[in-house]
Amino acid sequence: MTPGIPGTPGTPGNISTPDTTMTPDAPTSPVMTNPLLDSLTDAQKKAVEHLDGPLLVLAGPGSGKTTVVTRRIANLIDSGIPPWQILALTFTNKAAGEMRERINTLVPENVPGRRGLTVATFHSFCVRLLRNYASQANIHERFSIYDGADQREAIKQSMKEAGLSSSNWTPASVGAAISNAKNQLLTAEAFAQEASDFYARSIAKAYVGYERRLKDNNALDFDDLLMLTARLLKNNNDVRDELQQRYQYLLIDEYQDTNHAQFVIAHSLAASHSNICVVGDPDQSIYGWRGADIRNILEFETLYPDAVVIPLGQNFRSTAHIVEIASKLIENNTKRKKKTLHTELGEGEKAQVIICQDEHHEAKVIVDDFKRLHDDNDVPWKEMAVLYRVNSLSRVLEEAFRSASVPYVIARGTAFYDRKEIKDALAYLRYAANPSDEVSMRGIINTPTRGIGKTTLDRIENHAIFNPSRMIDVLQNPEQVEGVSARAVGSIQKFNTMVNGWRVMNEHEGMLLEAQSGLAELIERMIRESGLEAMFKKSRTEEDFERLENLGELVSAAADFVPPDASDLGMVDTEGNALELPEPTVLDLLSMFLEQVALVSDADMIDPANGAVTLMTLHAAKGLEFDGIAMAGLEQGLLPHQRAAHQESELEEERRLCFVGITRARKHLMLTRAAVRTHRGMRERTIESQFLGELPGDSIIYSDHAGVDDGYVYGGGGGGSYKDEFGPSSGDTGSWSPKSGSRSGGDSEFPVGCRVMHPKFGLGKIEAITRRPAGSSAQVTFSSVGTKTLILEYAKLQRVD
DNA sequence: CTGGTCATTTTTTTT
DNA sequence: AAATGACCAG
């Protein structure tokens, strides 16, 4: 199955209050009661009616935050504020899309200036500003945006250059340090000046080199987008004045997750008018690790002493037991403003806490419970989700859902773009769009292999160091480099000609071609000419076929790509009319396409329209709600995560994460843990999460299935010999297999004797199956390579009978 | 230069 | 268990 590509964001999300379809009366009719205030609590009304000045909305989970925020914007417009003076900033595209959507239902399209209303993510807003004010920000207009992997590459290179032995430093730790510095608006130079100890000096060297590299490559990383915008607003009075003038009313969503750079951006914009409304919940602050500063929200009132503060405590989402569990849990955090939550939705069910034997059992328990909810309680699949702390837990769950034929989707937005073939294709495109992008060039100059190997690249790099120049420029005249074979020179020239062909296509045909089809055409041509297509067509394995399909998906995504409307970008005149912009060329379109691709997040991928259970991390679940939630892996080291266990503040963030998970549930909540879990190939006994012990016993039903027989026998299979080093459930080897009467056929899809196809070894016959709790294996005789032992879970066997 | 084998490392969350 | 990286034979 091929995963979809994120379409344009903006799908309607879950709605937490009953009345969202209503629209305000026509502006002409004198209304005594404002329909925007219908069926709101007093606190909600107060927030919606607030016009000028700083406003802090402390919105607990399920408190109708989005309703309040969207109605407040509608109300601002109703009371005469031109929409183009309003700026709303969110964290994810999905949140922005949802907000836009809901404002659309409240404010008619024909309101003057309506289309100039800006609702954007922090990052996309920053990209826009940086392109518009490129010269003031001292950057090139058309920059590449580096994702984590590119960033890692660039950091690796600069570490090598700075002489940091990679045994003492990992690119990840250096990257984290650099990221922190950027969040604090510390440039490489400033960081180097402050660096006093050996550790900081070493980081500083890498930081300086990394920055130079980015500059040379005409690239920005995610942190740069925020840092450069913040610095621009801080240092350039003209730009700041202009933008303050333009955006008279600000709204910041999920304010508890803003970092220092975002803080500076928000308050620079608000400085002249203080019309800033921030919405958030300190108890849901879960991004401290990436620089989010919870003090931003805790100290808002200090910054704006005249701020109006409105707590929204009533929960319209969850039933009482769930709210009770969440409240009791979060009360264990000491560094916290006390806040009470209540609901009027009735008592509801208690939550189930289930101890399972191992992760496969856990997955089975969750799937069975969801089936029960679906079959007996009429809960649709899409109203259920499984949440976990780390992505690695998704595999086993995924398998369980698949084998039970329950439809599911994994919210992993980056998954598609993380595929090798897609990353390669994007690297080609980025290099075509940005000829300075060395990281992208390195990624694809020899993919597929075209005789430009490591030695050649090393020689070119050396040459670039010796006669100071950039590798990318040396590449233009490969013949000048000592020691590069004539053959390699020819390959390089061919490569250059190919890429230039695409760039010329951009420049000259851009205005002639229908740009829209031109983009897809360019990508198709690139896939063909680069040899990517031929590389996957050659072999006829299922894997390579899928890769080809994925490349096709990329082309369709480009064909479907709708560039953001100029007015949605806030490019409007003072009347709120969209500015007349020149028709975008293919190159412009390509840049916008790449930009959109760079800024998709996991959460953006969740499509409420599909009828499937959602599997996602706790982080990705923020802001969502479901009838039924299962949280897996409530174990020490996993839910308070290992790396957070040592510091109290980090432990509290883990607890907030757990709180976020619990409060996603409307009616049904299940928390599970496995007594034994396989981690990095090792089966280990687990310790119950301390958070389970903090839950109120009156609101949960606790059942321990770790040792008992509950419908599954643990044993049977032949010959498996993994050691059971654990207590009571001793001695058995074998697999989970349903006892008599259970569904889904019991035995394997690969009976002994059946014929199978393996992507690499070809046709074979199953000789024996060895069942194990973690990864059953099969002995298969192939005509090509003889008998092999394969792990069924990983070998992509297909039955061909 | 390529494609294989062997050893080492992985240890969170994400715009 | 799997991904990456180093090394080597062809």
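Above this text is the structure in question.
Every chain is numbered on its own, with residues counted from 1 as its sequence reads. Whichever chain is written first is A, and whichever ligand is written first is 1; the rest continue in order. This being a predicted model, a pLDDT of at least 70 is required before a residue's local features are given, and a value of 80 or more before pairs of side-chain atoms are given or counted; all residues contribute to the totals for chains, interfaces and linings. With hydrogens and water stripped out, all remaining heavy atoms of the structure feed into the side-chain values.

Undergrad: Is there a simple way to think about the overall build of chain A in this case?
TA: Only DSSP runs of H or I covering at least 4 residues are called helices, and only runs of E covering at least 2 are called strands; the numbering of each starts at the N terminus. Secondary structure assignment for chain A yields 27 helices and 25 strands. Remark: exposure states derive from per-residue accessible area (1.4 Å probe, protein chains only) relative to the maximum for the residue type, with buried under 20%, exposed over 50%, and partly exposed in between. For chain A, the proportion of its 801 residues judged to be buried stands at 55%. By the convention used here, residues are in contact when the closest approach between their heavy atoms is within 4.5 Å. Partitioning the contacts of chain A with sequence separation of at least 6, the portion at a separation of at least 24 is 75%. Accessible areas in this description were obtained via Shrake-Rupley with a 1.4 Å probe; residue shielding takes into account the shown protein chains only. Only carbon and sulfur atoms are counted for the fraction: they give 51% of the accessible area of chain A, which is about 35,400 Å².

Undergrad: Looking at this structure, how should I read the pairing of strand S17 (residues 682-685)?
TA: Here is the key point about a regular strand: its side chains alternate between the two faces of the sheet. Criterion used throughout: strands pair if DSSP finds at least two bridges between them. The sheet contact formed by strand S16 (residues 665-679) and S17 spans 4 bridges and is antiparallel. Each bridged residue has a counterpart across the sheet, and for His-679 the counterpart in S17 is Met-682. Where S16 folds back on S17, the antiparallel hairpin that results is connected by 2 residues, among which Arg-680 adopts a positive phi of roughly 50 degrees.

Undergrad: Is there a simple way to think about the pattern of salt bridges in this case?
TA: Where charged atoms of side chains with opposite charge meet at close range, the side chains can pair. Throughout this description, the term salt bridge denotes a Lys or Arg side-chain nitrogen within 4 Å of a carboxyl oxygen of Asp or Glu. Throughout the structure, instances matching the rule amount to 40 salt bridges. Residues Asp-588 and Arg-142 are paired through a salt bridge, measuring 2.2 Å at the closest nitrogen-oxygen approach. With a gap of 446 residues between them, Asp-588 in helix H26 (residues 586-598) and Arg-142 in the loop between helix H4 (122-132) and strand S4 (144-146) connect regions that are remote in the sequence. Overall, Arg-142 belongs to the partly exposed group, its relative accessible area being 26%. The partner of Glu-254 in a salt bridge is Lys-622, and the shortest N-O contact between them spans 3.7 Å. Of the two residues, Glu-254 sits in the loop between strand S6 (249-252) and helix H11 (260-270) while Lys-622 sits in the loop between strand S14 (613-617) and strand S15 (626-631), which places them 368 residues apart along the sequence. Across the pair, Lys-622 and Glu-254 agree in class, each one buried. Three or more residues are tied together by salt bridges with common partners; here these are Lys-65, Asp-253, Glu-254, Asp-257 and Lys-622.

Undergrad: Would you take a moment to explain the packing of H4 against helix H9 (residues 222-235) for this structure?
TA: When two helices pack together, their arrangement is given by the angle between their axes and by how far apart the axes lie. For helices, the fitted line uses only the C-alpha atoms of the stretch in contact; every axis is such a line through C-alpha atoms, and the angle between N-to-C directions lies from 0 to 180 degrees. Direction vectors running N to C along H4 and H9 enclose 60 degrees, while the axes themselves pass 9 Å from each other. Taken together, the axes of H4 and H9 lie oblique to each other. Here H4 and H9 pass one another in a crossing that is left-handed. Across the interface between the two elements, Phe-122, His-123, Cys-126, Val-127, Leu-129 and Leu-130 of H4 pack against Phe-222, Asp-224, Leu-225, Leu-226, Leu-228 and Thr-229 of H9. Residues were grouped as follows: Ala, Val, Leu, Ile, Met, Phe, Trp, Tyr, Cys and Pro as nonpolar; Asp, Glu, Lys and Arg as charged; and all remaining residues, including Gly, as polar. Looking at the contact of H4 with H9 residue by residue, the classes come out as 9 nonpolar, 2 polar and 1 charged. Working rule for angles: under 35 degrees goes down as roughly parallel, over 145 as roughly antiparallel, 65 to 115 as roughly perpendicular, anything else as oblique. Left-handed describes a crossing whose near helix is turned anticlockwise from the far helix through less than a right angle; right-handed describes the clockwise counterpart.

Undergrad: In this structure, what is going on with the packing of aromatic side chains? I would like to understand it.
TA: A ring pair, where both rings are aromatic, is described by two values, the distance of the centres and the angle of the planes. Note on aromatic contacts: the rings of Phe and Tyr and the six-membered ring of Trp form a pair at centre separations within 6.5 Å, being stacked when their planes are under 30 degrees apart, edge-to-face when over 60 apart, and tilted otherwise. Inspection of every chain in the model, using the stated rule, returns 11 aromatic pairs. Consider the rings of Phe-191 and Tyr-207, whose centres lie 5.7 Å apart with planes at 70 degrees: the pair is edge-to-face. Of the two residues, Phe-191 sits in helix H7 (residues 188-194) while Tyr-207 sits in helix H8 (residues 198-217), which places them 16 residues apart along the sequence. Neither residue differs from the other here; Phe-191 and Tyr-207 are each classed as buried. These aromatic residues form a ring-pair network of at least three members: Tyr-255, Phe-300 and Tyr-304. By definition here, charges over rings are those cases where NZ of Lys or CZ of Arg is within 6 Å of the ring centre and within 35 degrees of the ring normal. When the ring centre of Tyr-287 is taken as reference, the NZ or CZ atom of Arg-290 above it lies at 4.4 Å. A cation over an aromatic ring shows up here: Lys-622 above the ring of Phe-91, its NZ or CZ 5.7 Å from the ring centre.

Undergrad: Is there a simple way to think about the protein's contact with DNA strand B in this case?
TA: A single heavy atom is enough: if one lies within 4 Å of a molecule or strand, its residue is considered near that molecule or strand. Near DNA strand B there are 24 residues, and of these Arg-389, Gly-451, Thr-455, Thr-456 and Ser-601 occur at the shortest range. Here the atoms of DNA strand B within 4 Å of the protein split so that 51% fall in sugar or phosphate, with bases taking the remainder. One of the side-chain N or O atoms of His-123 is found 3.4 Å from a base oxygen in DNA strand B. Side-chain polar atom of Trp-289 to a base oxygen of DNA strand B: 3.0 Å apart, as the coordinates give it. Counting of polar contacts relies on pairs of N or O atoms within 3.5 Å, with two restrictions inside protein: one atom must be capable of donating a hydrogen and the other of accepting it, and residues adjacent in sequence are counted only when both atoms are side-chain atoms.

Undergrad: Would you mind going over H9 with me for this structure?
TA: Expected span of a helix: the number of residues minus one, times 1.5 Å. Spanning 14 residues, H9 covers 20 Å between terminal C-alpha atoms, matching the ideal 20 Å at 1.5 Å per step. Along H9, 10 of the 14 residues are buried, which leaves the element largely enclosed by surrounding structure. Listing the buried residues of H9 in full gives Asp-223, Asp-224, Leu-225, Leu-226, Met-227, Leu-228, Thr-229, Ala-230, Leu-232 and Leu-233. You can read the cap of H9 off the contacts: a side-chain oxygen lies 3.1 Å from the backbone nitrogen of Asp-223, and it is on Asp-221.

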